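Architecture and fold: a report
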Amino acid sequence: MMLSRKFLCSTALAVLLTGTASAEVTVLGWPGGPEEAALRAVTEIYNAKTDLAQEDKVELLFTSRDGFFDKLQVDLAAGSTAFDANLIATYSIGRYAPFLEPITLSDEAGSVFGDTVLSTMQFDGAQYGVPTDLSLHFLYFRKDLIDALMADDTAKSLYGDISEKYLGERLAPKNPEEWTWRDFAANALYFSQSVNPDSPTRYGTVIQMKNLLFNMMVFHSLPRSYGANWMDDDGNITVDSEAYRTALELAKMLYDAGATPPDSTSYEYAEANAAYSAGQVAAMVQWNAAASDLVAAQPETVTQAPPTGPDGRFTHIHGLGLGLNAAAENKEGARAFLQWLSTQEAALAYARSGGAPGLATATAEKLADERPDLVQVGDYASNYGFVMNGGTSENALSVYEAQAKEFTGYWAGTQSLDDAMSNISASMTELLK
Amino acid sequence: MRLLPSQENAILASPMVLFLLALLGFPVVLSIIYGFSEASFQSLMSPKLIGIANFQLVLQDSAFWDAAWFSLRFGVITALLECVLGLFLAVYLAPLIRENGWMVAVLIIPMIVAPAMIGLMYRLVLHEFAGPVPYYFYEWLGWSPSFLSTGMVFQTIVVAETLQWTPFAFLLFLTAYQAIPQDIREAAAVDGTRPWRMFWKIELPQMLPTLFVAGFIRFIDGFRVFDNIYTLVGAGPGGSTTSMSIYIYETFLRRGEIGKAMAAAILLFVVAFAILALGQSLMRKRR
C-alpha cells in the first residue's frame, strides 16, 4: 500500500514536471471571459504547428479578474519571471512600459487591425503589445419605444414641451441615427416617469456614475463630441474647458431630473445592464461587450454609434492585448508567439473563438456571416474611435481615477462644478507633467 | 533554580513574540522604510530616503482628513449601534437561549460570512431592478427608497455593518450576562427589586467591562473598515465613502504613491495604538 502511494505520488509529480517542461513560453491572460476561451483556442493552433520547437510551445496562465491589474503591477515591478508575456490594456501601457519590452508585429498587422487599433497598444512611439480585444461604446435603444413616439402627435408635442423646459429649446423626436447628445437628453427626459408620468419606462436612460475609472471611459464619448481633450499639442492640460463643463452639466441635469436611477452613483457595468435588461430604460450608452446580453433581454434593442456633438461623433476605444515581460526567461519564444498573434490567421481564429479583436474593415468582412458585430466594431473604431492625448501615458490610469472622483462628486452634489474643475486640473497637471 | 513569575512569563511568551517578529517584522520594517522614502512601482527596488516629506503630504491632503472623519463617524456609530443591539438581544434572549442553546449558532451566522461577500450580497439585494428589497417596496407601496443613492448610502453601509457584527457583541454580552452569579439576582429579587431596576443597578454594572471591551473592539474594526464598503459602493461619489483603509489602498495601488500610502498606514497604526493604550489604561484604573 505504502509503495503504491509513493508510486502514484512520483508519477503525478513526474507528469506535472513534464507538462511544465514542455511549455516554455508562459502567457498570463485575461481570465474568465470570451478572451480566455479565444486565447486558449489560438494557443492550441499555435502549439500544433509542426515547425514549432518544443521549448517555444505556449502555456497559459490565468488568475482572477478581481484586482488583476493591481497584482500584475506588483508582479512586474518585482521582476517576476512567472510569465513571459502578459495582458496589457491601453490605459495601463504607460505605467507598465518600464517593465515591458517593445515588440515587432508581423508585416500584415497594419492591414489586419488598422492604425487606430494598433495605436491602442503604443507608448512613446513604440509598439508594446499585439491587440487582441477592442472595447468601445454603442448607443443601445429600444426601437419599439422610439417608433411609438414618432407615430404619436400628442407624444411629439409633449416631447417638445419637455425639451423646452429642461434644455431651453423645443426639439422634435428623431431617428436615433440622427441624434445629437441634446436629442439623447430630450429622449431620456421624455421616457422618465419623474418627468413624464405616462412614460412606459421608469427611466429614460441609465448613466454609470460610480466613482470608477471605467465609468469615465463610457462618459468620455460625450465631452469628446464637444471637442474635449486632456492636453493640447503643447502638453497643456485642457480639462477645464467648455466641452467638459457642458458634458458634465448635461449628465448632472439628467441625474437631478430623475432620468437615470437615483442609485446611479453606485452603478457600474453590471448594474446598468440589469436596469436596461429589466425593460425600465429606453436608451443607454454602454460597452459593446454588452450587446448580446442586452439584445437577448430586450429583443427590440438596436445598436449604433453614440450620438454626435458639435465636433462630430466619437466613441472612446481601448484595447486589451499581450505584451512582452522585460524579465521574461524566454523572450525569443514569446516574441515569436506575439508576432504570430498579429497575423490574419491568428486574428481570424481568435475572432471565431469568441474574442473581439478590432479588425480593419476588409478583415472583418471575412467574418461578416459568423461575427457581424465585429464589422460594426471595426467600422466604429476606424471612423469614430479616439484615445485622449495622454491616454496611454504612465499615469493615464490615475487620471481616469482622479476624474472619477471629481466628476462623480459634482454629479452627486458633494462639490460644485468649479471646484471639480479646479481639483481635476491640479491633479492632471501633476499626473501628466 | 526557581524562576521568578516575570521570568517565567517572558520565557513562555518568547515563542509567540519570535513568531510575530518573524512574520510581521519584515513587512513592518519595509513599510517604515517606504514611509520615509520616495517610492513608486518604478522605484520599488531603490527607494530614495526623503525624511518626513510623505507624512507632510498626507497631513496636507484634504482627502486623508475626509477619510479620517468618515472612519471616525463610521466607527463610533456602528460600535454604538452594535453594542446597544447586542446588549438588548443578549438580555432579552438569555432565558430562551438557556433552554435552546442551538439558537446561538443561528444568531452568529452573519459574522461568519466574509465582509466582502456581505458587500456583494447587498449590492444585489438592494439593486432597484434585480434586488428583492426594492422589488417588494414597489410591489406594495409603488415606490422604493434608493438605498445606495448619495443621500442614503452612509445609512445603508452603517446598517449593513451593524447587522453583520451585532452578533459579535451579542456573544460577548451573553457570556457576561450568564456569568453573573444567580444568587445575586435571587437576593435582589427577595429584597423586592423590580426587573428594570435589577438590570440598571445590578446586571449592567457587572457587564460594564465587557461592554467597554466590545465597544472598543467594534470601534477599531469599524474605523479600519474596507471590504464590505469597497465591494458595495467603492470609494463613493467624490470619495464620500472613503475610509482610512480605502484611502491607503487607493493611494498605494491606484495612484502608485507607495511612500505616501505607507506614511498614512503608519499614522493609522500610531493612532490605533494610542487609542489601544488609552483604553487599557482606563481599564486598569477601573480595576
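As the structure is a computational prediction, the values presented were derived from the model and not from experiment.

**Section: the overall build of chain B**
Across its full length, chain B holds 13 helices and two strands. Across the 287 residues of chain B, 41% fall into the buried class. Counting contacts in chain B only where the partners sit at least 6 residues apart, residues at least 24 apart contribute 66% of the total. A total of about 16,200 Å² of accessible surface is found on chain B, and carbon and sulfur atoms cover 71% of it. Once the 18 positive and 17 negative side-chain charges of chain B are each reduced to a mean point, those two points are 8 Å apart.

**Focus on the overall build of chain A**
Assigned secondary structure in chain A consists of 19 helices and 15 strands. Going through the 433 residues of chain A one by one, you find that 59% of them count as buried. Taking the intrachain contacts of chain A between residues at least 6 apart in sequence as the baseline, contacts between residues at least 24 apart amount to 74%. For chain A, the accessible surface area stands at approximately 16,800 Å², while carbon and sulfur atoms represent 51% of it. Each charge class in chain A was averaged separately, 28 positive and 56 negative side chains, and the resulting centres sit 4 Å apart.

**Observations regarding the packing of aromatic side chains**
Taken as a whole and judged by the stated rule, the model has 44 aromatic pairs over all chains. Residues Trp-30 of chain A and Phe-69 of chain A carry aromatic rings whose centres are separated by 5.5 Å and whose planes lie at 35° to one another, so their mutual orientation is tilted. One end of the pair, Trp-30 of chain A, is in the loop between strand E1 (25-28) and helix H2 (34-47); the other, Phe-69 of chain A, is in helix H3 (residues 68-77), with 39 residues separating them in the sequence. Members of the aromatic cluster, each reached through a chain of ring pairs, are Trp-30, Phe-68, Phe-69, Tyr-91 and Phe-214 of chain A. Over the ring of Tyr-410 of chain A we find Lys-252 of chain A; its NZ or CZ atom is 5.5 Å from the centre of that ring. Here the basic side chain of Arg-73 of chain B rests over the ring of Phe-154 of chain B, its NZ or CZ set 4.4 Å away from the ring centre.

**Some words on the UniProt feature "transmembrane region" (unreviewed entry) in chain B**
Here, UniProt's "transmembrane region" (unreviewed entry) annotation points to residues 12-36, 74-94, 101-125, 152-177, 229-249 and 261-283 of chain B. The span residues 261-283 of chain B carries 100% helix and 0% strand; its end-to-end C-alpha distance comes to 33 Å.

**Observations regarding the UniProt feature "domain: ABC transmembrane type-1" (unreviewed entry) in chain B**
What UniProt calls "domain: ABC transmembrane type-1" (unreviewed entry) maps, in this numbering, to residues 68-279 of chain B. Secondary structure content for residues 68-279 of chain B is 79% helix and 0% strand, and the end C-alpha separation is 20 Å.

**Section: the pattern of salt bridges**
All names here are of chain A. By the definition in use, this model includes 30 salt bridges over all chains. Residue Lys-49 is joined to Glu-345 by a salt bridge in which the shortest nitrogen-to-oxygen separation is 3.2 Å. Of the two residues, Lys-49 sits in the loop between H2 and strand E2 (58-61) while Glu-345 sits in helix H15 (residues 344-352), which places them 296 residues apart along the sequence. As a salt-bridge pair, Glu-101 and Arg-335 come within 2.7 Å of each other at their nearest N and O atoms.

**A few points about unusual backbone geometry**
In this structure, Asp-124 of chain A is a non-glycine residue whose phi angle is positive, near 55°. Within the element layout of this structure, Asp-124 of chain A appears in the loop between strand E5 (122-123) and strand E6 (126-127).

**Here's the deal with the interface of chain B and chain A**
Contacts between the two partners involve 29 residues from chain B and, on the opposite side, 33 residues from chain A. Both faces considered, chain B and chain A share a buried interface measuring about 2,700 Å² in area, 52% of it formed by carbon and sulfur atoms. The largest contributions to the chain B side of the interface with chain A come from Gln-42, Phe-129 and Arg-254 of chain B, which together make up 23% of the buried area. There are three salt bridges connecting chain B and chain A. In this structure, Glu-268 of chain A engages Arg-123 of chain B in a salt bridge whose closest nitrogen and oxygen atoms are separated by 3.1 Å. Summed over the shared surface of chain B and chain A, the number is 10 residue pairs in polar contact (both at pLDDT 80 or more). Examining the composition of the side of chain B that touches chain A, we find that three residues originate from one element, helix H12 (residues 244-254) of chain B, more than from any other.

**What to know about empty space enclosed by the protein**
All names here are of chain A. Scanning all chains against the criterion turns up seven cavities of 30 Å³ or more. Volume-wise, the largest cavity comes out at about 210 Å³. Within the residue set of the lining of the largest cavity, elements represented by two or more residues are helix H9 (181-190), helix H10 (213-225) and helix H11 (242-256). Sort the elements by how many residues they give to the lining of the largest cavity and H10 lands first, with four residues.

**Some thoughts on the confidence of the model for chain B**
Residues with a pLDDT of 70 or more make up 99% of chain B, whose mean pLDDT is 91. Confidence, expressed as mean pLDDT per element, reaches its minimum in chain B at helix H13 (residues 258-286) of chain B with 86 and its maximum at helix H8 (residues 153-179) of chain B with 96.

**Details of the domain arrangement of chain A**
Residue and element names in this part refer to chain A. Taken domain by domain, chain A holds domain 1 (22-135 + 318-386) and domain 2 (137-315 + 395-431). Summarising the inter-unit geometry, the C-alpha centres of domain 1 and domain 2 are found 31 Å apart. Between domain 1 and domain 2 the total buried area reaches about 1,500 Å² when both faces are included, carbon and sulfur atoms providing 67% of it. Three residues stand out in domain 1 for area buried against domain 2, namely Tyr-91, Tyr-384 and Phe-386, and they jointly supply 47% of the buried area on that side.

**Let's talk about helix H6 (residues 115-125) of chain B**
Among all positions in H6 of chain B, only Ile-118, Gly-119, Tyr-122 and Arg-123 of chain B are buried. Projected onto a plane normal to the axis of H6 of chain B, the buried residues spread over an arc of 140° and lie on a single side. Elements in contact with the buried residues of H6 of chain B: helix H12 (269-277) of chain A together with helix H5 (109-112), H8 and helix H11 (227-232) of chain B.

**Focus: a nonpolar patch on the surface**
Nonpolar side chains collect at one region of the surface, where Met-16, Phe-19, Leu-20, Leu-23, Leu-24, Val-28 and Ile-32 of chain B lie side by side and expose about 650 Å² of accessible area between them. Summarising the element assignment, Leu-24 of chain B is placed in helix H1 (residues 5-35).

Basis of the calculations
Residues numbered from 1 in each chain as written. Chains lettered and ligands numbered in written order. Predicted model: local features only at pLDDT ≥ 70, side-chain atom pairs only at ≥ 80, totals over all residues. Heavy atoms only, no water. Helix = DSSP H or I, 4+ residues; strand = E, 2+ residues; numbered from the N terminus. Buried < 20%, exposed > 50% of the residue type's maximum accessible area, 1.4 Å probe, protein only. Contact = heavy atoms within 4.5 Å. Areas by Shrake-Rupley, 256 points an atom, 1.4 Å probe, with all protein chains shown as cover. Lys, Arg positive; Asp, Glu negative; His and termini not counted. Charge placed at Lys NZ, Arg CZ, Asp CG, Glu CD. Phe/Tyr/Trp six-rings, centres within 6.5 Å; stacked < 30°, edge-to-face > 60°. Lys NZ or Arg CZ within 6 Å of the ring centre and 35° of its normal. UniProt positions renumbered as here; feature names shortened; annotations may be inferred. Salt bridge = Lys/Arg side-chain N within 4 Å of Asp/Glu carboxyl O. Buried area = accessible area lost by both parts, 1.4 Å probe. Polar contact = N/O pair within 3.5 Å; in protein donor to acceptor, adjacent residues only side chain to side chain. 1 Å grid on protein atoms, 1.4 Å probe; cavity = no way out; pocket = protein on both sides within 12 Å on 5 of 7 lines; lining within 4 Å. Points joined across faces, edges and corners; volume = space filled by probe spheres on them. pLDDT = per-residue confidence, 0-100. Domains from an automatic or database assignment. Arc of directions from axis to C-beta. Patch = residues over 30% accessible without salt bridge, like charges linked within 9 Å, V, L, I, M, F, W, Y side chains within 5 Å.

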